[in-house]
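Examining the three-dimensional arrangement
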Amino acid sequence: MIEVKNLNVFYGKNEILKDISFSLNKGEIICILGENGAGKSTLLKALLKLIPIKNGNAIIDDFDLKELDSKKLSRFISYIPQIHFPAFDYKVIDVILMGNYSKKDGFFYKTTKEDYEKSVEILKTLGISYLKDKNYRQISGGERQLVLIARALLQANNYIFMDEPVANLDYGNQLKIMEICNSLKKKNIGFLITTHNPNHALTYADKILIIKKNKESQFGTISILNKETLEKLYNVPINLIETQDGKYCIPDYKEVRKDYVLEWR
């Protein structure tokens, strides 16, 4: 379990996150929602020790985050950033094998047959075996996200942090990525995912963390994503639609358009 209590993060003298508390179990998906600039990405980076934590506590599988160096931390958590575009023309299989660096004693380790076979098996599991020998820089954005998920699976056994993983993907690839995450959580992997799409949270999340620019936050089950909460968060009128598969939100376009009537002369 990852347990975070009263986390505070500053950039210089500017307080970005205040009293953030939540818990993530293996086999769960937490979606983090919030306005642009509220600190969603900052929270992930703070928990990855990429930026300092002012105060508060974070426990990862009974280890205090303060006591974990970057290498040890990477054995628990894999990180998939919003955009990843390397400077060199690595093959896809080589990008995946980089996920093993945290498990080895040095950077220049010799890849074993077991490493390679496990990477090939992960590619097969994700349905992207055809990418194995392709140039990572020359595949599509959706394919790159799948490759990064493959690398994350090779790297860590417990948790995967994803920062807006579908923000730049087409509709089909968005669904594919989210469905893969939903499938992998059944293998006892915990996901912490930032998203701007409340429907992804409504469909896939077990728990919700809402972070606001005014430093307020809210954590709970999916039930906290009601009409009132969503309207206050995004400052637009919203309708929640009930279906046999769950709830979905859509803007109340009739009301929205009243606020955006422009007179052109």
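Here the structure is shown first, and the text comes after it.
Residues numbered from 1 in each chain as written. Predicted model: local features only at pLDDT ≥ 70, side-chain atom pairs only at ≥ 80, totals over all residues. Heavy atoms only, no water.

1. Here we look at unusual backbone geometry
Defined as follows: Secondary structure elements are defined from DSSP: runs of H or I of at least 4 residues count as helices, runs of E of at least 2 residues count as strands, and each element is numbered from the N terminus. Think of it in three bands: with a 1.4 Å probe and only protein chains considered, a residue is buried below 20% of the maximum accessible area for its type, exposed above 50%, and partly exposed in between.
Unlike most non-glycine residues, Glu164 shows phi in positive territory, near 45°. Structurally, Glu164 can be placed in the loop between strand E7 (159–163) and helix H6 (171–185). In this structure Glu164 comes out as buried when scored by relative accessible area, which is 13%. Its identity as a non-glycine residue notwithstanding, Lys215 has a phi of 80°, on the positive side. For Lys215, the location among the structural elements is in the loop between strand E9 (207–211) and strand E10 (217–221).

2. Observations regarding the packing of helix H4 (residues 113–125) against helix H5 (residues 141–155)
Defined as follows: To get an axis, a line is fitted to the C-alpha atoms, and for a helix only the part in contact is used. The angle between two axes follows their N-to-C directions and goes from 0 to 180 degrees. The scheme is simple: roughly parallel for angles under 35 degrees, roughly antiparallel for over 145, roughly perpendicular for 65 to 115, oblique for anything else. Crossing handedness is defined as follows: a turn of the near helix away from the far one that is anticlockwise and smaller than a right angle gives a left-handed crossing, while the clockwise case is right-handed. Every residue pair with non-hydrogen atoms within 4.5 Å of one another is taken to be in contact. Three classes are used: nonpolar for Ala, Val, Leu, Ile, Met, Phe, Trp, Tyr, Cys and Pro, charged for Asp, Glu, Lys and Arg, and polar for all others, with Gly counted as polar.
At a minimum axis distance of 10 Å, the contact between H4 and H5 shows a crossing angle of 135°. Judged by the inter-axis angle, H4 sits oblique to H5. Where H4 crosses over H5, the two elements pack in a sense that is right-handed. Residue-level inspection shows Lys118, Ser119 and Ile122 of H4 in contact with H5, the latter providing Ala150, Leu153 and Leu154. In the contact of H4 with H5, the residues fall into four nonpolar, one polar and one charged.

3. Digging into H4
Helical geometry: 3.6 residues make up each α-helical turn, so side chains three or four residues apart lie on a common side. Rules: Under the convention used throughout, the expected extent of a helix is 1.5 Å for every residue step, that is, one less than its residue count. What the arc covers is the set of directions going from the helix axis to the C-beta atoms.
An ideal rise of 1.5 Å per residue puts 18 Å on 13 residues; H4 measures up with 18 Å between its terminal C-alpha atoms. Of the positions making up H4, those classed as buried are Asp115, Ser119, Ile122 and Leu123. End-on view of H4: buried residues confined to an arc of 100°, all on one side of the axis. What points out from H4, more than 90 degrees from its buried face, is the exposed set Lys113, Glu114 and Lys124. Those residues of H4 hidden inside the fold are in contact with helix H3 (92–97) and H5. Just past H4, the residue Gly127 takes up positive phi, approximately 75°.

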